[in-house]
Amino acid sequence: AMYNHNYRFRITYYLGENNMMHKEVVERKRTHVIALILLLITCVLYIVEGIQALRIENLFVLKVCEFTLLLFTIIFIILEYLSCKVAYKYSLIADKLIINKIYHGNETNLESIKLSDILYLGKRKDIPKEYRLKCTGKYTCELFGHDKIYCVYKKENEVSIFNFEPSEDFIRRITKYKKAV
């Protein structure tokens, strides 16, 4: 198991250098989520103090502001909690890239792509102009990840695109396979 600085936990499995089998499971680190929630609660408390210091005479406006902040905070905490329950498994098996979502122990297949159908794999800024499409899938645990990799591929005579967060080793294996073919 290897820890990564980007709020996630990564487990990697592979069978030798010549075998084409590699799996990674990526999920959010709970400690970072807890720290983010505590920071949000602290900020909200300071904002509420600031609103009360403004001495707003209209009690209705004051209650609406406090309710809105409370609602925003609760929604954010619920979303962050749920994000800890989701993990993604990226697999390279034979000549396929397989992406599964793991939620409460149940695994769902999201993508199964032949490596030969991949047209581009890399950062968003480097996507060729002819492939600049709306992203059809987000298979990451990060809300604001800088390590997102975009995969442009052919699917039933159409071009599709999704983003995910594989390790550099995972990308290297796909690139190595594509060069060999």
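Look a little higher up for the structure.
Residues numbered from 1 in each chain as written. Predicted model: local features only at pLDDT ≥ 70, side-chain atom pairs only at ≥ 80, totals over all residues. Heavy atoms only, no water.

Student: Help me understand the pattern of salt bridges in this model?
Tutor: Oppositely charged side chains may form a pair once their charged atoms are brought near each other. Applying the stated criterion across every chain, the model contains 5 salt bridges. A salt bridge links Glu66 to Lys63; the shortest N-O distance between them is 3.8 Å. Here the residue Glu66 and the residue Lys63 both occupy positions in helix H2 (residues 59-83), the gap between them amounting to 3 residues, near one helical turn. On the basis of relative accessible area, Glu66 is assigned to the buried category, the value being 18%. Relative accessible area serves as the criterion here: at 48%, Lys63 is assigned to the partly exposed category. Here Arg173 makes a salt bridge to Asp169, at a shortest N to O gap of 3.3 Å. With Arg173 and Asp169 both in helix H3 (residues 168-180), this residue pair falls 4 residues apart, about one helical turn. For Arg173, a relative accessible area of 6% translates into the label buried. Where salt bridges share partners, they join Asp169, Arg172 and Arg173 into one cluster. (Salt bridge = Lys/Arg side-chain N within 4 Å of Asp/Glu carboxyl O. Helix = DSSP H or I, 4+ residues; strand = E, 2+ residues; numbered from the N terminus. Buried < 20%, exposed > 50% of the residue type's maximum accessible area, 1.4 Å probe, protein only.)

Student: What am I meant to see in the pairing of strand E5 (residues 96-103) here?
Tutor: It is a general feature of regular strands that their side chains alternate between the two faces of the sheet. Here strand E4 (residues 86-93) pairs with E5 via 8 bridges, running antiparallel. The partner of Ile93 across the bridge, within E5, is Lys96. The hairpin turn running from E4 into E5, its antiparallel successor, is 2 residues long, and Ala94 in that turn takes a positive phi close to 55°. Pairing analysis gives 8 bridges linking E5 to strand E6 (residues 106-114), with the strands arranged antiparallel. The residue bridging Ile102 from the neighbouring strand is Glu107, located in E6. The turn linking E5 back onto E6 is made up of 2 residues, and His104 within it adopts a positive phi angle of 55°. (Pairing = 2+ DSSP bridges.)

Student: How should the sheet that holds strand E8 (residues 137-139) be read in this particular structure?
Tutor: Ordered by their spatial adjacency, 4 strands build an open sheet running E7-E9-E10-E8, and the pairing between neighbours is mixed. In the strand order of this sheet, the two ends are held by strand E7 (118-122) and E8, each with one partner. Strand-to-strand twist of the sheet, defined as the mean angle between neighbouring strand axes without regard to direction, takes the value 20°. Note that strand E9 (residues 149-155) and strand E10 (residues 158-164) share 7 bridges and pair antiparallel. Residue pairing in the sheet places Tyr150 in a bridge with Asn163 of E10. This element, H3, spans E7, E9 and E10 of the sheet and lies at about 145° to E7. (Axes fitted to C-alpha atoms, helices over the stretch in contact; angles between N-to-C directions. Contact = heavy atoms within 4.5 Å.)

Student: Whenever I open this one, unusual backbone geometry confuses me. Can you help?
Tutor: Backbone phi values are negative for most residues with the exception of glycine, while trans is the configuration of most peptide bonds. Within the chain, Ala94 stands out as a residue other than glycine whose phi angle is a positive 55°. Here Ala94 is to be found in the loop between E4 and E5. Of note in the backbone geometry, Glu156 takes a positive phi value of approximately 50° without being a glycine.

Student: Explanation requested: helix H1 (residues 30-53) in the structure shown.
Tutor: Given 3.6 residues per turn, any residue in an α-helix points the same way as the ones three and four places further on. Taking 1.5 Å per residue as the helical rise, H1 with its 24 residues ought to reach 34 Å, and the 35 Å between its terminal C-alpha atoms agrees with that figure. Within H1 the residues assigned to the buried category are Val33, Ile37, Leu40, Val44, Val48 and Ile51. Among the structural elements, strand E3 (21-28) and H2 are those in contact with the buried residues of H1. (Expected span 1.5 Å × (residues − 1).)

Student: So what exactly am I meant to see when it comes to the environment of Leu36 here?
Tutor: For Leu36, the location among the structural elements is in helix H1. For Leu36, a relative accessible area of 32% translates into the label partly exposed. The sequence separation of Leu36 and Ile77 amounts to 41 residues, and the corresponding C-alpha distance is 9.2 Å.

Student: What am I meant to see in a nonpolar patch on the surface here?
Tutor: A surface patch of nonpolar side chains, about 540 Å² in accessible area, is lined by Leu70, Ile74, Ile78, Tyr81, Leu82 and Tyr103. Here the nonpolar patch gets 5 residues from one element, more than from any other, and that element is H2. Leu82 sits in the partly exposed class, given a relative accessible area of 33%. (Patch = residues over 30% accessible without salt bridge, like charges linked within 9 Å, V, L, I, M, F, W, Y side chains within 5 Å. Areas by Shrake-Rupley, 256 points an atom, 1.4 Å probe, with all protein chains shown as cover.)

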